[in-house]
Amino acid sequence: MTSPVRIAVIGAGYWGKKIIREILDVGRSTGRVQLHAVVDNSPTMLAQCEKEFGPSDYRVDYQGLLDDPELSGVHICTPNSTHFEVASSFLKHGKNVLVEKPLTLNSKEAYQLVKIAQENKKVLCVGHIHRFNNGVRELRQAINSGILGELYYVRFGWTGFLPPQGYREVITDLAPHPFDICNYLLDMWPNKITCRGKGYRTKENEEVAFITAEHPSGLAAQVEVSWLDREKRRDVTVVGSKGMAYLDCSEQKGLLHASNSTEISITPSNTIREEVTHFVDCISGNLNSKPFSNLSDGMLGARVVSILEAARESLRQERTVEVQMPLAEEIRAK
Ligand SMILES: NC(=O)c1ccc[n+]([C@@H]2O[C@H](COP(=O)([O-])OP(=O)(O)OC[C@H]3O[C@@H](n4cnc5c(N)ncnc54)[C@H](O)[C@@H]3O)[C@@H](O)[C@H]2O)c1
């Protein structure tokens, strides 16, 4: 049997702990992956992890891991503002990288990361977890079967109440998933974005935003993201000429209203487990970051960052803006 792929988790907060738990579980049940180290610059977080997960290599600084020959890859769960610095450091040192969403805070850095991964022939994945959601997969199949007819529009609700978030804003935090799912369902990217949004409790940062994404085909996607809504929603509705479909992405439950109304048959997947396993597959299969060569490729992450950037620009300029997406060849040539 081949030796397990050794992965370190960088950032062991709310999301990092979920990833650690899953890596340990996949390791126990398949022997294909091993938790190499856990890094968090907060000793308190590390102490919590040690209590929950037992002995491991716990560190407050990742620098010592950059040249560690045993380490294959890192799963980066640090705050968004650190993604570029941490990911580029590991890629430049020949490590494979999975970065949580959003890939980076701006598109210049996002495409730069894609390029660094290509130059170093390393895997770059992004944490677009719904690529591994069986509900989303079944919805895509329903759309492709033609049962909904010609598609008119898609609507996303990504809401849930949070206390004031200080420096964070809702577009960067919540909109990556709807836009990634939209691309997965439709196989296309929007070319025009119109965004309106507002912060009520934190005046300087948006807490709710309404984003309209127009596609070259004429199809529109409407995305609502909010930290003010008391109802937690992670849902998508697809409306077409012959019917409509609704999916609760968290519960992985869906309804189809066409000639009659039926439940969409879905066997829910463990999305984090599949994401972890897919990263291991990419590393062991040496699936380097050619555009979209793996299910959650860094290029997908960069495309989504372009959309988020357009949304913030639209908000700033109070008008519809074009989405700027460089071609894969242009990124390589830069
Ligand atoms: N895929 C998803 O559905 C999903 C869900 C939640 C969060 N996330 C993403 O995960 C990331 C982390 O979010 P979170 O909610 O866990 O945040 P968090 O604040 O709970 O955790 C971040 C952790 O990183 C540590 N940290 C900060 N800078 C560091 C550095 N330079 N080196 C090492 N550790 C550092 C902090 O001490 C903290 O423990 C974000 O990018 C977020 O967008 C993704």
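Our structure's up above, just so we're on the same page.
Reading the values: the criteria
Residues numbered from 1 in each chain as written. Predicted model: local features only at pLDDT ≥ 70, side-chain atom pairs only at ≥ 80, totals over all residues. Helix = DSSP H or I, 4+ residues; strand = E, 2+ residues; numbered from the N terminus. Rg over C-alpha atoms; globule rule 2.2 N^0.38 Å. Buried ≥ 20, exposed ≤ 12 C-beta atoms within 10 Å, placed from the backbone. Contact = placed C-beta atoms within 7 Å. Pairing = 2+ DSSP bridges. Axes fitted to C-alpha atoms, helices over the stretch in contact; angles between N-to-C directions. Near = placed C-beta within 6 Å. Nonpolar A, V, L, I, M, F, W, Y, C, P; charged D, E, K, R; others polar.

J.: So what exactly am I meant to see when it comes to the overall build of the chain here?
T.: Across its full length, the chain carries 10 helices and 15 strands. The C-alpha radius of gyration of the chain comes to 20 Å, within 12% of the 20 Å expected for a compact globule of 334 residues. Seen through its principal axes, the chain has C-alpha atoms that stretch 55 × 45 × 45 Å. Relative to its 334 residues, the chain shows a buried fraction of 45%. A fraction of 69% describes how many contacts in the chain between residues 6 or more apart in sequence connect residues 24 or more apart.

J.: Which parts of the structure should I look at to understand the environment of Gln48?
T.: Tracing the backbone through its elements, the reader meets Gln48 in helix H2 (residues 43–53). On the basis of neighbour count, Gln48 is assigned to the partly exposed category, with 15 C-beta atoms found within 10 Å. Residues Gln48 and Gly13, 35 residues apart in the sequence, show an inter-C-alpha distance of 9.7 Å.

J.: Would you mind going over helix H7 (residues 176–186) with me for this structure?
T.: Helical geometry: 3.6 residues make up each α-helical turn, so side chains three or four residues apart lie on a common side. In terms of residue burial, H7 counts as a mostly covered element, since 9 of its 11 residues are buried. Residues of H7 that are buried: Pro176, His177, Pro178, Phe179, Asp180, Ile181, Cys182, Asn183 and Leu185. Elements in contact with the buried residues of H7: helix H5 (134–145), strand S7 (151–159), strand S10 (220–226), strand S11 (233–240) and helix H9 (298–317).

J.: Looking at this model, I keep getting lost on the sheet that holds strand S2 (residues 33–39). Mind explaining?
T.: The strands that make up a sheet are held in pairs by hydrogen bonds between backbone atoms, and each pair lies either parallel or antiparallel. Strand order in the open sheet formed by 6 strands is S3-S2-S1-S4-S5-S6, with parallel pairing between adjacent strands. Single-partner strands in this sheet number two, and they are strand S3 (58–59) and strand S6 (124–127). Sheet topology note: the strand S1 (residues 5–10)/strand S4 (residues 73–76) ladder contains 4 bridges and is parallel. Each residue of the ladder has a partner; that of Val9, found in S4, is His75. The strands touched by helix H1 (residues 14–30) within the sheet are S1, S2, S4 and strand S5 (96–100), with S2 carrying the most contacts at an inclination of about 155°.

J.: Would you take a moment to explain the site of the ligand for this structure?
T.: Not every one of the 22 residues close to the ligand is listed here, only the nearest: Gly11, Gly13, Tyr14, Trp15 and Glu100. The greatest single-element share of the shell around the ligand, amounting to 3 residues, is contributed by H1. Taken together, the residues of the shell around the ligand sort by class into 10 nonpolar, 9 polar and 3 charged.

J.: Is there a simple way to explain the sheet that holds S10 in this structure?
T.: With respect to topology, 9 strands assemble into an open sheet ordered S14-S13-S12-S11-S7-S10-S9-S8-S15, the strand pairing being mixed. Each end of this open sheet is capped by a strand with a single partner; those strands are strand S14 (261–264) and strand S15 (321–322). Sheet analysis places strand S8 (residues 192–198) next to S15, joined by 2 bridges and oriented antiparallel. When the bridges of S15 are listed, Lys192 appears paired with Glu322. The sheet strands contacting H7 are S7, S10 and S11, and the helix crosses S7 at an angle near 150°. Against the sheet, H9 touches S8, strand S9 (208–214) and S15, its axis set at about 60° to S8.

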